[in-house]
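Summary of structural features
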Amino acid sequence: MLSRGDLDCVVGRLETGHPEQWQERLDITPLWDEHLAIACAPDHPLSRRREVSLSALRESPWILPPRGTHTREIFEQPFLDDGQLPPVPHIESISFHSSLSMVATSDFLAVAPDSAVRHYSAMSMVRKVRLRTPFASGRMVFITQRDTASPAVTLIATALRDAGNP
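Residues numbered from 1 in each chain as written. Predicted model: local features only at pLDDT ≥ 70, side-chain atom pairs only at ≥ 80, totals over all residues. Heavy atoms only, no water.

Residues Arg48, Arg50, Arg127 and Arg130 make up a contiguous surface patch of positive charge. The topology assignment puts Arg50 in the loop between strand 2 (26-40) and helix 2 (54-57). For Arg50, a relative accessible area of 75% gives the class exposed. (Patch = residues over 30% accessible without salt bridge, like charges linked within 9 Å, V, L, I, M, F, W, Y side chains within 5 Å. Areas by Shrake-Rupley, 256 points an atom, 1.4 Å probe, with all protein chains shown as cover. Salt bridge = Lys/Arg side-chain N within 4 Å of Asp/Glu carboxyl O. Lys, Arg positive; Asp, Glu negative; His and termini not counted. Charge placed at Lys NZ, Arg CZ, Asp CG, Glu CD. Helix = DSSP H or I, 4+ residues; strand = E, 2+ residues; numbered from the N terminus. Buried < 20%, exposed > 50% of the residue type's maximum accessible area, 1.4 Å probe, protein only.)

The next point concerns the pattern of salt bridges. Per the stated rule, a full pass over the model turns up six salt bridges. The partner of Glu76 in a salt bridge is Arg72, and the shortest N-O contact between them spans 2.8 Å. Separated by four residues within a single helix, Glu76 and Arg72 lie in helix 3 (residues 70-81), roughly one turn from each other. Accessibility expressed as a relative area gives 10% for Glu76, which makes it buried. Note on Arg72: relative accessible area 2%, which makes it buried. Between Glu92 and Arg72 there is a salt bridge; the shortest N-O distance is 3.0 Å.

Even without being a glycine, Ser124 presents a positive backbone phi close to 60°. By the secondary structure assignment, Ser124 is in the loop between helix 5 (114-122) and strand 6 (127-128).

Enumeration over the complete set of coordinates arrives at one cavity of 30 Å³ or more. Looking at the largest cavity, its volume works out to about 40 Å³. If you go around the largest cavity, the residues you meet are Arg13, Glu34, Leu36, His70, Thr71, Ile74, Ala136, Ser137 and Gly138. Broken down by secondary-structure element, the contributors of at least two residues to the lining of the largest cavity are strand 2, helix 3 and strand 7 (137-145). Class assignment for the residues of the lining of the largest cavity results in three nonpolar, four polar and two charged. (1 Å grid on protein atoms, 1.4 Å probe; cavity = no way out; pocket = protein on both sides within 12 Å on 5 of 7 lines; lining within 4 Å. Points joined across faces, edges and corners; volume = space filled by probe spheres on them. Nonpolar A, V, L, I, M, F, W, Y, C, P; charged D, E, K, R; others polar.)

The biggest cluster of nonpolar side chains holds 18 residues, and the ones touching the most others in it are Ile38, Leu57, Trp62, Phe75, Leu109, Val129 and Phe135. When contributions to this core are tallied by element, the ones reaching two or more residues are strand 2, helix 2, strand 3 (62-64), helix 3 and strand 5 (109-113). If we ignore the near neighbours within four places in the chain, the residues touching Ile38 are Leu57, Trp62, Phe75, Leu109, Ala110, Val111, Val117, Arg127, Lys128, Val129, Leu131 and Phe135. The next biggest cluster of nonpolar side chains, apart from the first, holds 13 residues, and it includes Ala37, Ile63, Leu100 and Val117. (Core = buried A, V, L, I, M, F, W, Y, C linked by side-chain atoms within 4.5 Å. Contact = heavy atoms within 4.5 Å.)

So this is what it looks like as C-alpha cells:
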C-alpha cells in the first residue's frame with residue numbers, strides 16, 4: 001500500500017521477499033530492536049518461576065499468531081532448534097492486544113512484543129514469563145516513499161527516532 005501511495009508511512013519490520021525495486025523508492029529508517037516475550041496471567045504457575053525452559057512452556061495452552069506470520073516463525077524456531085515440536089495453539093489470533101487480554105483471565109500463554117507485555121504488566125493484567133533463553137529480536141523500521149514525506153510524516157519519524165533512543 002505504501003508503494004502505491006495509499007499510505008504515507010509504515011512502522012514495522014522488513015522481511016525477506018521485499019522486491020528490490022520497491023526498496024529503491026523507499027526511505028527506511030531503523031528505529032529499535034523489539035524482542036518477543038511470553039505473557040501469562042498474574043496467578044499462572046509460570047509467573048512465579050525464576051527461569052522457564054522451552055519444555056515447560058509446552059505444557060500450557062497457547063494463543064499464537066497464525067502460521068506464516070513473522071512472530072509465529074520467531075516463536076517456533078527455538079523449539080525446532082532444540083529438537084522439540086513447538087506448542088500447538090488452542091487459539092490463533094493476529095492481534096497481540098486481543099491475545100494479552102485473553103491471557104489476563106485464563107490459563108493460556110501468549111507471545112507478543114516485549115514492549116506490549118511490559119505495558120500490560122504495568123497495568124497488572126499479565127506477567128512476563130522469565131525465559132531461560134530469550135526469543136530473538138527484530139529491528140523495527142520507519143518506511144516512507146523517498147522524497148515525498150510531508151511535514152507531518154517528518155514529525156512522526158523524528159518522534160519515533162527519539163522514542164527509540166532515550
